[in-house]
Amino acid sequence: MTTLRPVADHVAAVLAGAAPLPAVMASLTDAEGLVLAQDVTAAWPLPSFDNSSMDGYAVRAAEVAGASETSPVSLPVRGDIAAGQSADQALAAGTVVRIMTGAPVPTGADAVVPVEWTDGGTDTVTISEQPDVGAHIRRAGEDVNTGDLVVEAGTVITARVLAMLAAVGRGSVLVHPRPRVTVISTGDELVDPGVDPGVGQIVDSNSYMLTAAAREAGAVARRIGPVPDDDATLARVLAEAAAECDVILTSGGVSMGAYDTVKAVLTDLGGVEFVKVAMQPGMPQGCGLVDGTRIVTLPGNPVSSYVSFEVFVRPLIRRLLGHAAIDRPRVHAICSRRFTSPEHKTQFARVRLSRRDGLLMAEPEGGQGSHIIGGLSRAHGLAVIPPEVTEVCEGQELVVIDLMAAEGSAT
Ligand code: AMP
Ligand code: MG
């Protein structure tokens, strides 16, 4: 038996030399979900001026000291300051101004009395509770100071991070762009969805699956429909793809059959290594370069294709995107039904996850064959069974790649 390449070694081969794509400027809208490629510092403080946190009255605390229900204090109201207005006039002694949430606090005022503590007067206001000095004033710089590092390079630009970037006035930022991925399915037997398959034909599900998986991983993905098992046609399609993308993914044509066109064409061209990886499903794999563009050749069986994408290609896409965490979260779960696993191979078993008495349970999907799309489509995770394990018993703890982690929790 030829020696099989361990899964980790093929992960390393697919990732070899991969680094985050060169940074580009992107508008805040386009930057969403990408990884920041620069440190961002604050050009101004936040808040950028002292402002009121309540609708109420800007006062000198000493002038309303002792105000209570039984002994209220009345003072004249010298105008209004709304959010967006400037407080150019200092607060005259013995007066107050009506102030709205977010409006600048005038100099001289050292507290804001919420409108709820008053009779709401507009000429004269009667205040029945005393504020502490500084009450209801948000001080300039209490959140961020000028020059502070507010978002570090390498941070994923989530909704909350976008708020920070916008607040310090960044309309665009340097990010690592989305890798452009081209998905090519191969096989004379393939027809597009919507076309009734004739005798011996099957519908091309892989190119849709892989294009969607690449997009879910963060890439911009384009699918090229079924390419026939014809060397010249495939060579032309590969050359065109190589000229305009960062990663080519092929499906099918990499096993030992007579019509394994991907392997035949790329073996002639050179630059791509074809190996057998110690895994089930997904043993036949290839990776390398075609015309200088990265290519990963995935097996044709749909489950093999998907699992290979998860194990090898998703980490590659995330590396190119600049993510520090390139692997999906893994969870521990208790096996709820015995199953077997091939010796000398890492098995990626499709499992459904559920909670029982507070414990996360993993139930293997009925069909584990590499053509069983039903089980794949219902699975929540891939249980990783090491090569030396040949039997997994009920009650045993499993490590499961959580396929739902980026799509909302399964449980
Ligand atoms: P191959 O590696 O090309 O021999 O394909 C292995 C198996 O996967 C065959 O049964 C193919 O019909 C099937 N297959 C190949 N490509 C696709 C595809 N794009 N969609 C669904 N099944 C496929
Ligand atoms: Mg084929």
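A short tour of the structure in this document, coming up. No experiment lies behind these values; they were computed from the predicted model shown.

Scoring rules and cut-offs
- Residues numbered from 1 in each chain as written.
- Chains lettered and ligands numbered in written order.
- Predicted model: local features only at pLDDT ≥ 70, side-chain atom pairs only at ≥ 80, totals over all residues.
- Heavy atoms only, no water.
- Helix = DSSP H or I, 4+ residues; strand = E, 2+ residues; numbered from the N terminus.
- Buried < 20%, exposed > 50% of the residue type's maximum accessible area, 1.4 Å probe, protein only.
- Polar contact = N/O pair within 3.5 Å; in protein donor to acceptor, adjacent residues only side chain to side chain.
- Contact = heavy atoms within 4.5 Å.
- Pairing = 2+ DSSP bridges.
- Axes fitted to C-alpha atoms, helices over the stretch in contact; angles between N-to-C directions.
- Arc of directions from axis to C-beta.
- Near = heavy atom within 4 Å.
- Areas by Shrake-Rupley, 256 points an atom, 1.4 Å probe, with all protein chains shown as cover.
- Core = buried A, V, L, I, M, F, W, Y, C linked by side-chain atoms within 4.5 Å.

Looking now at the side chain of histidine 176. Checked against the element boundaries, histidine 176 lands in strand 12 (residues 172-176). Assessed through its relative accessible area of 15%, histidine 176 is described here as buried. Side-chain polar atoms of histidine 176 contact the backbone oxygen of leucine 21, separated by 2.7 Å. The contact partners of histidine 176, leaving out residues within four places of it in the chain, are Pro20, Leu21, Ala23, Leu34, Val35, Ala37, Leu320, Leu321 and Gly322.

Next up on the list: the sheet that holds strand 13 (residues 180-186). Here six strands make up an open sheet; going across it, the order is 16-13-17-21-20-18 and the pairing mixed. What marks the edges here is a single partner per strand, and that holds for strand 16 (220-227) and strand 18 (272-276). For this sheet, the mean angle separating the axes of adjacent strands, direction not counted, is 15°. The sheet contact formed by strand 13 and strand 16 spans six bridges and is parallel. Counted as the bridge partner of valine 181 is alanine 221 from strand 16. Along the sheet face, helix 4 (residues 206-216) touches strand 13, strand 16, strand 17 (247-251) and strand 21 (293-298) and points at about 170° away from the line of strand 16. Each of strand 13, strand 17, strand 18, strand 20 (284-290) and strand 21 is contacted by helix 6 (residues 261-269), which is oriented at about 135° to strand 18, the strand it contacts most.

So, on to helix 1 (residues 7-15). Within the span of helix 1, buried status applies to Val7, His10, Val14 and Leu15. Along the axis of helix 1, the buried positions cluster into a sector of 135°, meaning they face one direction only. Among the structural elements, strand 18, strand 19 (279-280), strand 20, strand 21, helix 7 (302-321) and strand 24 (346-356) are those in contact with the buried residues of helix 1. At the C-terminal side of helix 1, glycine 17 shows a positive phi close to 75°.

Around ligand 1, the surrounding shell holds 17 residues, and the nearest of these are Glu189, Asp204, Ser205, Gly253 and Gly300. Within the side chain of aspartate 204, a nitrogen or oxygen atom sits 2.8 Å from a nitrogen atom of ligand 1. In the environment of ligand 1, an oxygen atom lies 3.2 Å from a nitrogen or oxygen atom belonging to the backbone of glycine 300. Coverage of ligand 1 by the protein amounts to 77% of the 480 Å² it exposes when considered alone.

It is worth spelling out the pairing of strand 20 at this point. Within a regular beta strand, the side chains point alternately toward one face of the sheet and then the other, so they alternate between its two faces. By the bridge criterion, five bridges tie strand 18 to strand 20 in an arrangement that is antiparallel. Each bridged residue has a counterpart across the sheet, and for phenylalanine 274 the counterpart in strand 20 is glycine 286. Pairing geometry for strand 20 and strand 21, over five bridges, is antiparallel. Across the sheet, leucine 289 pairs through a bridge with arginine 294, a residue of strand 21.

A word on the nonpolar core. Formed by 59 residues in total, the largest nonpolar core has its most connected members in Ile157, Val173, Val181, Phe309, Ile317 and Phe348. Counting residues per element, this core draws most heavily on helix 7, at eleven residues. Excluding anything up to four places from it in sequence, phenylalanine 348 contacts Val7, Met279, Gln280, Pro281, Val307, Val311, Gln368, Leu382, Ala383, Val384 and Ile401. One finds Ala241, Cys245, Val262 and Val290 within the second-largest nonpolar core, a separate group that totals 17 residues.

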